[in-house]
Amino acid sequence: MLDNLYGRRYDLAWEDLHPRHQQIAPRSRFVRCSAQVAPTGNLESIEVLDVFDDEAVIPGIEQGETKAVRVRVNSLEGDSDTFVNHEVKVGEKWRWVLNARAFRAYQQKRCPR
């Protein structure tokens, strides 16, 4: 998912989004919004630092096995960003989810900032 976001392949990133969040953020809006707020810079690497069980409250998703994934994104310009993303299991596949701020923005039919 992150490689698609950083690679500006927003339609492919949307395909891996949790189905409930796809309903909140329709593909066309997600692609348009992502182009406005996506990180800039040239991606050097994405490192998965840790994967752990997390009982996080995911907006719009009431049940499902949840994992937190701590990642570090490095750019060719020397910038680095470390953060936690959440994924929820849907059938046999893990799907990424929007954070609470982005979920609320899409719910209000606007782009997250």
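Read on for an overview of the structure. From a predicted model like this one, the values you see are computed outputs, not experimental measurements.

## Description of the layout of surface pockets
And step 1. Space inside the largest pocket adds up to approximately 690 Å³.
And step 2. Looking at the largest pocket, it is lined by 29 residues, and the ones nearest its centre are Leu 5, Trp 96, Asn 99, Arg 101 and Ala 102.
And step 3. Those elements that provide at least two residues to the lining of the largest pocket are helix H1 (2-6), helix H4 (27-37), strand E3 (80-90) and helix H5 (100-107).
And step 4. If one sorts the elements of the lining of the largest pocket by residue count, E3 sits on top with 5 residues.
And step 5. Considering only residue class, the lining of the largest pocket consists of 22 nonpolar, 4 polar and 3 charged.
And step 6. Elements with a contribution of two residues or more to the lining of the second largest pocket: H1, strand E1 (43-53), strand E2 (66-75) and E3.
And step 7. Taken together, the residues that form the lining of the second largest pocket break down as 6 nonpolar, 1 polar and 2 charged.

## Some thoughts on the sheet that holds E2
Working definition: the strands of a sheet are paired by backbone hydrogen bonds and lie parallel or antiparallel to each other.
And step 1. On the basis of which strands lie adjacent, the open sheet formed by 4 strands has the order E1-E2-E3-E4 and antiparallel pairing. Each edge of the open sheet carries a strand with a single partner, namely E1 and strand E4 (93-96). Here the strands of the sheet are splayed against their neighbours by 35° on average, with no regard to which way each runs.
And step 2. As paired elements, E1 and E2 share 9 bridges and run antiparallel to each other. Along E2, the bridge assignment pairs Ile 46 with Val 73.

What counts and what doesn't
Residues numbered from 1 in each chain as written. Predicted model: local features only at pLDDT ≥ 70, side-chain atom pairs only at ≥ 80, totals over all residues. Heavy atoms only, no water. 1 Å grid on protein atoms, 1.4 Å probe; cavity = no way out; pocket = protein on both sides within 12 Å on 5 of 7 lines; lining within 4 Å. Points joined across faces, edges and corners; volume = space filled by probe spheres on them. Helix = DSSP H or I, 4+ residues; strand = E, 2+ residues; numbered from the N terminus. Nonpolar A, V, L, I, M, F, W, Y, C, P; charged D, E, K, R; others polar. Pairing = 2+ DSSP bridges. Axes fitted to C-alpha atoms, helices over the stretch in contact; angles between N-to-C directions.

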